[in-house]
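# Topology and contacts: notes
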Amino acid sequence: MNPPDLADRIAVRSVARRWLEALSGVLLGSAMAVSALLFTVAAVLALASARLLGRWGAPLRAVVDAGALSLSEWEIRRITRFHGTIHTDVATSHRCRWYLGTRWTIGLLGIGVVLLLVLCLVVAGSMISAWVLSGSWGLIENSDRVDGGLVALVSLPGILLIFVAIAGVAGVGSLDRWFAVQVLGRQSDRLLHQRVAELTSSRDHVVDAIDEERRRIERDLHDGIQQHLVALGMLIGRARRAEKPDKVRELLAQAQATSLEAINELREVANRVYPIALDKDGLRASVEAMAERVSIPVRLTYELTDRLRPAVESVLYFVISEAVTNAAKHACPKLLEVNIAHQKFGRVLATITDDGPGGADPSGTGLSGLARRVAAVDGTLSVHSPVGGPTVVTASVPCG
């Protein structure tokens, strides 16, 4: 066997293998398209019911969002396995629902192409078998024999249809991958322009956030610790001038209490700047310690098994801390729920829910600052706070 013949055979086998993989992906995608269509119908009904139920419809919305993310993740795995690797953008439930609500049309197209291919092959097989039985084996009478030229003439459109159907299988696979890239994925040119815009915006936001953080620390030091230290100096001065021992002891006791208040205030400021426990004990221990310091009950659900990278832990801690502090200060809820869990597409989701009256302003200083902090690590922050509650703050950040 000559080397060129061997190379040609290898190339033909490679093309055939890729086509069979594309066919498998189209068949599986067609089956999943039925699931996507059923999910879309159920999601529309569930979201309509959730809107009518108001605050009681939150579980329905959560189930729909989780289902959309799960089905979309399966679709991405299928496309990556059979049609080529794609890199997904930040997965949101809205984008996943839109993808599933329109992707089933590609599945129906795949079913049509496969049925056309099967029909063409069946007709071609029938014609070939009739010609063979008629001309080669003589099993049919002369009057019933099929003319070979007529068979060739009639088979030309069939051959073209078979070729179109075979190419259509690969075309449906490419269309499936292209549509996923457009809706859920990211393209290099678009990503480059988007990243440049995001970095430019993030740079300005980081400068603003640093200035705002400095001003907040200055206010905390001036209004809290500095006042305690001034009072402590005055108490010590009065104790030095006092002549009666009882008065001296009373003033020193007050000075000691004031110094303890200053120490606690300094510890609070340090924790707001960066909690030392976050580096030492991790996110869970830091959130638990923070929850013990607030005046309302906090129920923590922590589903992560491994520690995250420091930047992610820091962002999640400050999001949770700010959300809990805002809820305790403004909403006065009876219970706060904090949930930290893995999300689809290699992300971590932190959800803070309070049963207060709602009406939180996402454009406020605190929440907008959190949004900038989360965006700095390619994360997203959303606030859902209808009048009457509940208020739900969610932060989604990548693990890696």
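Before reading on, note that the structure itself is shown above.
Figured I'd write up the structure that's included with this text. These figures come from a predicted structure and were not determined experimentally.

A word on the packing of aromatic side chains. With the rule as written, the count across this model stands at three aromatic pairs. Ring plane angle 25 degrees and centroid distance 5.6 Å describe the contact between Tyr99 and Phe179, whose orientation is recorded as stacked. Taken together, the residues span a long stretch of sequence, with Tyr99 in helix 3 (residues 93-136) and Phe179 in helix 4 (residues 148-183) at a distance of 80 residues. Judged by centre distance (5.5 Å) and plane angle (80 degrees), the rings of Tyr317 and Phe318 are edge-to-face. Across this residue pair, the class does not change: Tyr317 and Phe318 are buried. Cluster of aromatic residues (ring-pair linked, three or more members): Trp98, Tyr99 and Phe179. Residue placement shows Arg77 over the ring face of Trp74; its charged tip is 5.5 Å from the ring centre.

Here we come to the pattern of salt bridges. Applying the stated criterion across every chain yields a total of 10 salt bridges. Asp176 is paired through a salt bridge with Arg78; the nearest N and O atoms lie 2.6 Å apart. With Asp176 in helix 4 and Arg78 in helix 2 (residues 58-82), this pair connects stretches of sequence that are 98 residues apart. Summarising the burial analysis for this pair, Asp176 and Arg78 share the class buried.

Residue class for Arg78 comes out buried when judged on its relative accessible area of 3%. Looking at Arg78, its side chain comes within polar contact range of the side chain of Asp176, at 2.6 Å. Beyond its immediate chain neighbours, meaning those up to four positions away, Arg78 contacts Gly25, Leu28, Gly29, Met32, His83, Arg103 and Asp176.

Spatially, the five strands line up as an open sheet ordered 1-2-3-5-4, and their pairing is mixed. The sheet is open, and its two edges are formed by strand 1 (298-302) and strand 4 (380-384), each paired on a single side. With strand direction ignored, the average angle separating the axes of adjacent strands in the sheet is 10 degrees. Pairing geometry for strand 3 (residues 347-354) and strand 5 (residues 391-398), over eight bridges, is antiparallel. Its bridge partner lying in strand 5, Val348 is registered against Val397. Running at roughly 175 degrees to strand 1, helix 8 (residues 283-293) makes contact with strand 1 and strand 2 (336-343) of the sheet. Contacts from helix 9 (residues 310-331) reach strand 2, strand 3, strand 4 and strand 5 within the one sheet, and its direction differs from that of strand 3 by about 10 degrees.

Analysis parameters
- Residues numbered from 1 in each chain as written.
- Predicted model: local features only at pLDDT ≥ 70, side-chain atom pairs only at ≥ 80, totals over all residues.
- Heavy atoms only, no water.
- Phe/Tyr/Trp six-rings, centres within 6.5 Å; stacked < 30°, edge-to-face > 60°.
- Helix = DSSP H or I, 4+ residues; strand = E, 2+ residues; numbered from the N terminus.
- Buried < 20%, exposed > 50% of the residue type's maximum accessible area, 1.4 Å probe, protein only.
- Lys NZ or Arg CZ within 6 Å of the ring centre and 35° of its normal.
- Salt bridge = Lys/Arg side-chain N within 4 Å of Asp/Glu carboxyl O.
- Polar contact = N/O pair within 3.5 Å; in protein donor to acceptor, adjacent residues only side chain to side chain.
- Contact = heavy atoms within 4.5 Å.
- Pairing = 2+ DSSP bridges.
- Axes fitted to C-alpha atoms, helices over the stretch in contact; angles between N-to-C directions.

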